[in-house]
Amino acid sequence: MNPSIKTHGFKIINSNEINELNNLKRYITNFLSNKFKLNNKDPDDVLNNIHNYANLITDRQANDLVLETLKELSDKFDFSEIVYQSFGEEIRNLLGPDLHAQKNNNIVFQSPNSNRYSELHSDAPPNSEFELVVWVPLVNCYGTKSFFMVPLEDSFDLIKKYKSKNFSNWNEFKSKALEKANHFEINYSQALIFWTGMIHGSLENKTNESRWCLNVRYKNLFAPCGQHDPLTYYRIFRKSVVTDLALSKKW
Ligand SMILES: [Fe+2]
């Protein structure tokens, strides 16, 4: 299967440049290694096994660790820039040269057997229907450590039936959606890019490894913002030459 955004609403892509992402991964590893006094500084080992090294028992502890990590990274790394450097060719092809990007850095973390998995949903609304999500794993993801996506036509069909009350309860809707879902094997240096209208989610992570991924959203600068306040949610990320000219006119 080689899905495309046009036919499936999602696509797995390879990075066009990995240095900045490698730097970020190395920095997070060093931060965690120092914090928990680990001798081992292999990024894959530290990130995959952080639930053991940090003795994460509760979701609250995991959440606190992610927030602390984000705070450490906040004035040093810009995830929208890093993801754009790594996967920008495809983002430019799909959205054009005038871009809004999500303002804040975001890490989605899921340790084994945590209840903090992402229940079946679509992002739009409240997100803009003119938006793409770029989901970038920092470790190799497979099975329940990964993510699932219901292909475009099946997403349309299920949402239409859900709105027409064709399902008697949520579990019936969910099991029909999961029957249609594509579960991904996606490695570090790749990204899953998807349209915000798609049904997607993750399952309880039954593997013995933790999942770390970045989640960045882009839309065309001139496209509707959905229900988000554009000034707090997005920032102007890239402007084309013509947009610059238009904004700098002196008459
Ligand atoms: Fe989502």
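Since the model is a prediction, treat every value here as computed from it, not as a measurement. (Residues numbered from 1 in each chain as written. Predicted model: local features only at pLDDT ≥ 70, side-chain atom pairs only at ≥ 80, totals over all residues. Heavy atoms only, no water.)

**Q** Would you mind going over the packing of helix 7 (residues 152-163) against helix 8 (residues 170-180) with me for this structure?
**A** Between two packed helices, what matters for the description is the angle formed by their axes and the separation of those axes. Relative to each other, helix 7 and helix 8 sit at 170 degrees, their axes nearing to 10 Å. It follows from the interaxial angle that helix 7 and helix 8 lie roughly antiparallel. Each of Asp-154, Leu-158 and Tyr-162 in helix 7 lies in contact with helix 8, whose residues at this interface are Trp-170, Phe-173, Lys-176, Ala-177 and Lys-180. Among the residues forming the contact of helix 7 with helix 8, the class breakdown is five nonpolar, no polar and three charged. (Axes fitted to C-alpha atoms, helices over the stretch in contact; angles between N-to-C directions. Helix = DSSP H or I, 4+ residues; strand = E, 2+ residues; numbered from the N terminus. Parallel < 35°, antiparallel > 145°, perpendicular 65-115°, else oblique. Contact = heavy atoms within 4.5 Å. Nonpolar A, V, L, I, M, F, W, Y, C, P; charged D, E, K, R; others polar.)

**Q** What should I look at first to understand the pairing of strand 4 (residues 131-137) in this one?
**A** Consecutive side chains along a regular strand alternate between the two faces of the sheet. With seven of seven residues buried, strand 4 is to be regarded as a mostly interior element. Across the two faces of strand 4 the burial is the same, with Glu-131, Val-133, Trp-135 and Pro-137 and Leu-132, Val-134 and Val-136 all buried. Here strand 4 pairs with strand 9 (residues 211-220) via seven bridges, running antiparallel. Residue pairing across strands places Trp-135 opposite Asn-215, the latter belonging to strand 9. Sheet topology places strand 4 next to strand 7 (residues 190-195); four bridges connect them, and they run antiparallel. Its bridge partner being in strand 7, Leu-132 is matched across the sheet by Trp-195. (Buried < 20%, exposed > 50% of the residue type's maximum accessible area, 1.4 Å probe, protein only. Pairing = 2+ DSSP bridges.)

**Q** Whenever I open this one, the coordination of the iron ion confuses me. Can you help?
**A** Tetrahedral coordination by four donors sets the ideal angle at the metal to 109.5 degrees; octahedral coordination by six donors sets it to 90 or 180 degrees. At 2.1 to 2.2 Å from the iron ion lie its protein donor atoms, namely His-121 (NE2), Asp-123 (OD) and His-200 (NE2). Taken in sequence order, the residues that donate to the iron ion follow the motif H-x1-D-x76-H. On the accessibility criterion, His-121 (28% relative accessible area) is partly exposed. (Donors = N, O, S within 2.8 Å, 3.2 Å for Na, K, Ca; no water.)

**Q** Which parts of the structure should I look at to understand the side chain of Thr-196?
**A** With respect to the element layout, Thr-196 can be found in the loop between strand 7 and strand 8 (199-201). Among the polar contacts listed, one links the side chain of Thr-196 to the backbone oxygen of Ser-128, at a separation of 2.7 Å. Apart from the residues within four sequence positions on either side, Thr-196 is in contact with Ser-122, Asp-123, Ala-124, Asn-127, Ser-128, Glu-129, Glu-131, Val-133 and Arg-217. (Polar contact = N/O pair within 3.5 Å; in protein donor to acceptor, adjacent residues only side chain to side chain.)

**Q** What should I look at first to understand the packing of aromatic side chains in this one?
**A** The geometry of two aromatic rings is summed up by the distance between their centres and the angle between their planes. Per the counting criterion, the structure on display carries 14 aromatic pairs. When the centroid spacing of 4.7 Å and the interplanar angle of 35 degrees are considered together, the rings of Trp-135 and Phe-147 count as tilted. Of this pair, Trp-135 sits in strand 4 while Phe-147 sits in the loop between strand 4 and strand 5 (148-150), and the two are twelve residues apart along the sequence. Note on Trp-135: relative accessible area 2%, which makes it buried. Ring geometry for Trp-170 versus Phe-173: centroids 5.3 Å apart, planes at 45 degrees, classification tilted. Remark: Phe-173 and Trp-170 occur in helix 8; sequence separation between them is three residues, near one turn of the helix. Since its relative accessible area comes to 6%, Phe-173 is described here as buried. Three or more aromatic residues joined by ring pairs form one cluster here, namely Tyr-162, Phe-167, Trp-170 and Phe-173. (Phe/Tyr/Trp six-rings, centres within 6.5 Å; stacked < 30°, edge-to-face > 60°.)

**Q** I keep staring at the sheet that holds strand 5 and nothing clicks. Help me out?
**A** The strand order across the open sheet formed by three strands is 6-5-8, and the pairing between neighbours is antiparallel. The sheet is open, and its two borders are formed by strand 6 (182-183) and strand 8, each paired with just one other strand. Packed onto the sheet, helix 7 meets strand 5 and strand 8 and runs at close to 70 degrees relative to strand 5. Each of strand 5, strand 6 and strand 8 touches helix 8; the most contacted strand, strand 5, lies at about 100 degrees to it.

**Q** Honestly, helix 2 (residues 19-35) in this entry has me stumped. Any pointers?
**A** An α-helical turn contains 3.6 residues, so any two residues separated by three or four positions project in the same direction. With 17 residues, helix 2 extends 24 Å between its outermost C-alpha atoms, agreeing within 8% with the 24 Å of an ideal straight helix rising 1.5 Å per residue. Taken residue by residue, helix 2 has Leu-21, Leu-24, Lys-25, Ile-28, Thr-29, Phe-31, Leu-32 and Ser-33 as its buried positions. Looking at the packing, one finds that the buried side of helix 2 touches helix 3 (43-48), helix 4 (50-53), helix 5 (59-73), helix 6 (79-95), strand 4 and strand 9. Looking one or two residues past helix 2, Lys-37 carries a phi angle of roughly 55 degrees, positive in sign. (Expected span 1.5 Å × (residues − 1).)

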